[in-house]
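# Working through the structure, step by step
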Amino acid sequence: MAKNGTIFVCAECGATSPRWLGRCPACGKFNTMAEEAVKDEKPAAAKARGGLYSAPRAQRLTSVKFERYDRTPSGISEFDTVLGGGIVSGSLVLLGGDPGIGKSTLLTQIAAHLSLEHRVLYFSAEESCSQVKMRAERLNLESEDFLIVNDTCIDNLESELDGVEFCIIDSIQAVYTDDLTSSAGSVGQVRECATKLMRIAKSRGITFFVVGHVTKEGALAGPKVLEHIMDTVLYFEGENQENYRILRAVKNRFGNVSEVGVFEMTDRGIIAVTDYSGIFLSESRGQEAGCAVTPAQTGNRCMNVEIQTLISRTSFGQPRRMPLGVDYNKLVLLLAVLEKRCSLPFCSHDVYINVMGGIKLNEPACDLALCAALASAHRDIPIDKYTAVFGEVGLTGEVRAVSYAEKRVQECVKMGFRRVILPAKNMKSVAKYADRINIVPVLYVNSMIKTLFGKGDGGGETH
Ligand SMILES: Nc1ncnc2c1ncn2[C@@H]1O[C@H](COP(=O)(O)OP(=O)(O)OP(=O)(O)O)[C@@H](O)[C@H]1O
Ligand SMILES: [Mg+2]
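Predicted model only: the values in this text are computed from it and were never measured.

Cut-off values and rules
- Residues numbered from 1 in each chain as written.
- Chains lettered and ligands numbered in written order.
- Predicted model: local features only at pLDDT ≥ 70, side-chain atom pairs only at ≥ 80, totals over all residues.
- Near = placed C-beta within 6 Å.
- Nonpolar A, V, L, I, M, F, W, Y, C, P; charged D, E, K, R; others polar.
- Core = buried A, V, L, I, M, F, W, Y, C linked by C-beta atoms within 7 Å.
- Buried ≥ 20, exposed ≤ 12 C-beta atoms within 10 Å, placed from the backbone.
- Helix = DSSP H or I, 4+ residues; strand = E, 2+ residues; numbered from the N terminus.
- Contact = placed C-beta atoms within 7 Å.
- Expected span 1.5 Å × (residues − 1).
- Pairing = 2+ DSSP bridges.

If you check the shell around ligand 1, you find 13 residues, and the closest are Pro-99, Gly-100, Lys-103, Ser-104 and Thr-105. Broken down by class, the residue content of the shell around ligand 1 amounts to three nonpolar, six polar and four charged.

Below is the structure:
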């Protein structure tokens with residue numbers, strides 16, 4: 001039973017209960033209810049909340065004055081593209097990402113650029129002022145009206161905001177409000193702090209960039225309500241060791257969520273990559289077995305990405321499956337298809353997969369290229385350097401049509417590829433490129449393997 005003044009809050013969905021429950025009744029997750037100490041809401045906070053909802057008066061939709069959103073360029077073109085054309089004043093932007101991926105670096109760069117014409121406040125709860133200054137010096141950033149404060153109590157923020165147009169909170173998990181007694185980063189605190197930011201943003205027209213941590217599974221840490229409160233939710237992804245980063249919008253009230261931005265992490269900071277063709281391909285492709293190229297659609301961009309595989313004989317026990325950049329379950333499924341439909345057994349082989357540039361391929365259109373790379377590794381025959389492959393693979397071994405086929409073929413033509421293997425059902429839409437690239441339509445995975453490695457070997461069912 002909870003003590004007086006404490007409640008149990010679900011870490012997944014934020015549902016509350018007066019007593020401990022093994023399973024959250026709201027989201028159904030087990031073992032997520034944690035005890036939190038709460039104080040009664042302060043009258044001032046309650047009044048402020050009331051004020052937010054009671055002020056507007058109902059009016060006809062036709063008489064509502066149309067508000068144009070002012071957009072301010074951030075100084076990084078790719079970032080503006082992801083936001084839908086620039087920063088909207090008075091909006092709340094959440095930037096999530098793995099530790100060390102470069103969230104603070106990106107926002108420091110943006111803050112410095114904005115400070116040349118606007119007043120910017122960097123509310124640093126994780127790093128000291130001198131750490132932020134060190135970073136700015138290292139990146140050689142020019143700044144003008146760049147204010148910085150090192151504090152963790154969000155209640156002190158409002159008094160610092162005079163004349164400020166843009167504010168960066170680094171990070172939402174490190175700040176707390178005095179209204180609650182639970183520790184910083186807890187579900188209640190994150191929710192309460194985000195609500196306070198929303199109130200300030202909407203009432204004073206200040207734009208907030210909020211850094212958010214992600215959980216081990218890659219979702220934003222904290223309650224789902226955090227994402228609901230925000231106008232825009234961005235994810236910064238990529239492997240830490242790799243230089244390339246992808247910025248993806250998962251929610252945007254002022255733009256399209258299909259936009260992605262490609263960035264490179266350099267010693268001069270994060271720079272936007274505008275010519276991204278060829279950056280996810282290796283120099284040595286075509287020489288070693290186990291590599292295949294696929295035109296992958298990320299957001300609304302199409303990029304040729306190389307998938308590399310390595311197989312080695314399992315020396316002991318169960319074979320290992322280690323996919324980097326592709327889903328584990330997808331790999332296991334495709335290995336089963338290759339074994340059953342194409343007579344390529346992997347049961348005594350360890351399989352390692354790596355997607356170049358540390359990007360994540362999670363669209364079904366990459367299935368066929370993954371099969372091609374695996375088959376190439378199994379046969380120990382390299383795939384021709386100028387061949388690209390795409391298509392979705394079904395459990396029966398059939399190759400299904402995919403979306404954006406035309407765009408993918410176009411990208412292959414642009415990159416100088418000479419042959420593209422694709423689903424037969426996509427043939428109609430891409431037939432017009434036949435004079436510029438050799439288009440090979442396939443119905444089954446087996447036919448793709450025969451196209452790549454010649455007829456006669458491999459056996460299995462022929463389709
Ligand atoms: N002195 C340095 N020289 C070059 N690169 C550096 C240097 N210091 C840090 N970096 C790069 O910056 C990255 C860290 O960036 P940053 O602190 O912005 O990440 P973050 O996402 O804010 O991390 P956290 O979640 O810990 O706050 C490092 O992974 C490293 O690649
Ligand atoms: Mg940081």
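From this point, the discussion proceeds with the structure in view.
One finds Val-210, Ala-369 and Ala-372 to be the most contacted residues of the largest nonpolar core, which totals 121 residues. Ranked by the residues each element gives to this core, the list is headed by helix H8 (residues 367-379), at nine residues. If we ignore the near neighbours within four places in the chain, the residues touching Val-210 are Leu-92, Val-93, Leu-94, Leu-95, Ile-169, Ile-172 and Leu-197.

Spacing of three or four residues puts side chains on the same side of an α-helix, whose turn is 3.6 residues. For H8, which comprises 13 residues, the first-to-last C-alpha distance of 18 Å matches the rise-based estimate of 18 Å (1.5 Å per residue) to within 8%. Extensive coverage of H8 is indicated by the burial of twelve of its 13 residues. Among all positions in H8, only Asp-367, Leu-368, Ala-369, Leu-370, Cys-371, Ala-372, Ala-373, Leu-374, Ala-375, Ser-376, Ala-377 and His-378 are buried. Asp-380 sits one or two residues past H8 and shows a positive phi near 65°.

The side chains of a regular strand alternate between both faces of the sheet. Among the six residues in strand S11 (residues 232-237), six count as buried, and that is most of the element. The side-chain alternation of S11 yields two buried faces, one formed by Thr-232, Leu-234 and Phe-236 and the other by Val-233, Tyr-235 and Glu-237. Alignment of S11 against strand S12 (residues 244-252), held across six bridges, turns out to be antiparallel. Counted as the bridge partner of Val-233 is Lys-251 from S12.

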